[in-house]
Amino acid sequence: RLRLILFGHEDLAGIVFWAALVGFFGALASVLFRESIRLFTRIFTGFTYIGEGSGLVDAASSLVWWHRALVPVVGGVLAGAVLHFVGRTFVSSKAVDYMEAVIVGDGKIGFRATILRSFGSLLTISSGGSIGREGSMVQLSAMLGSRLGLFSRAPIPRLRLMVACGAAAGIAAAYNAPISGALFVSEIVLGSTD
């Protein structure tokens, strides 16, 4: 019975189990990404966060003018170097976005490409770049959904659903809006597959 729940994708209990597991790991990835931004901001600026409301603005305002000007330059150069040199060596040219994987793809999202792009975003965001953390959080969560689907040998329709569950978990964690995340994915992402 346990094997059927874990690897039987047509059973409702199996679907709910994998959706919950994807949601858990997707939310965990989003929290880890958010905390990594804090860590790298501290590395770039030397600023220690005081409370929940403190952020990059507080860190930048505590710096002298030349350090404040230098931090985004260093972060941008590091992010560019990582994406250019490491990306060219270790990542294939076919990187898949989560919406593409669900709507027209086979549900497979590349692990290395997602990690590399997320690390580049992490360097940029934590050094003051204004690209936003939400996209990376959602992509990481969707990639984990894809990886769990591949691990469980899910058929392509179920794999797409697991990627969508991961995206919903990422949206919910990024915006602190679980119901909105689920509704967004069900209407915009999954609604496109009808």
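Each remark here, short or long, concerns the structure printed above.
Scoring rules and cut-offs
Residues numbered from 1 in each chain as written. Predicted model: local features only at pLDDT ≥ 70, side-chain atom pairs only at ≥ 80, totals over all residues. Heavy atoms only, no water. Axes fitted to C-alpha atoms, helices over the stretch in contact; angles between N-to-C directions. Helix = DSSP H or I, 4+ residues; strand = E, 2+ residues; numbered from the N terminus. Parallel < 35°, antiparallel > 145°, perpendicular 65-115°, else oblique. Left-handed = near helix turned anticlockwise from the far one by under 90°. Contact = heavy atoms within 4.5 Å. Core = buried A, V, L, I, M, F, W, Y, C linked by side-chain atoms within 4.5 Å. Buried < 20%, exposed > 50% of the residue type's maximum accessible area, 1.4 Å probe, protein only.

Draft legend 1. Layout of the packing of helix H7 (residues 134-151) against helix H8 (residues 156-175). At their nearest, the axes of H7 and H8 sit 7 Å apart, and the two run at 150° to each other. Taken together, the axes of H7 and H8 are roughly antiparallel relative to one another. Crossing handedness for the pair H7 and H8: right-handed. Only Leu-159, Met-162, Val-163, Gly-166, Ala-167, Ala-169, Gly-170, Ile-171, Ala-173, Ala-174 and Tyr-175 of H8 make contact with H7, whose side of the interface consists of Glu-134, Met-137, Val-138, Ser-141, Ala-142, Gly-145, Ser-146, Leu-148, Gly-149 and Leu-150.

Draft legend 2. A look at the nonpolar core. Ranked by internal contacts, the top residues of the largest apolar core, which has 30 residues, are Phe-33, Tyr-98, Ile-109 and Val-163. Among the secondary structure elements, those contributing two or more residues to this core are helix H2 (12-45), helix H4 (65-90), helix H5 (98-103), helix H6 (111-126), H7 and H8. Among the elements that take part in this core, H8 stands out by supplying six residues, more than any other.

Draft legend 3. View of the packing of H2 against H8. Interaxial distance between H2 and H8 falls to 8 Å at its minimum, and their mutual angle equals 40°. Between H2 and H8, the angle is such that the two are oblique. In the packing of H2 onto H8, the handedness of the crossing is right-handed. For the pair H2 and H8, the contacting residues are Ile-15, Trp-18, Ala-19, Val-22, Gly-23, Gly-26, Ala-27, Ser-30 and Arg-34 in the first and Arg-158, Leu-161, Met-162, Cys-165, Gly-166, Ala-169, Gly-170, Ala-173 and Ala-174 in the second.

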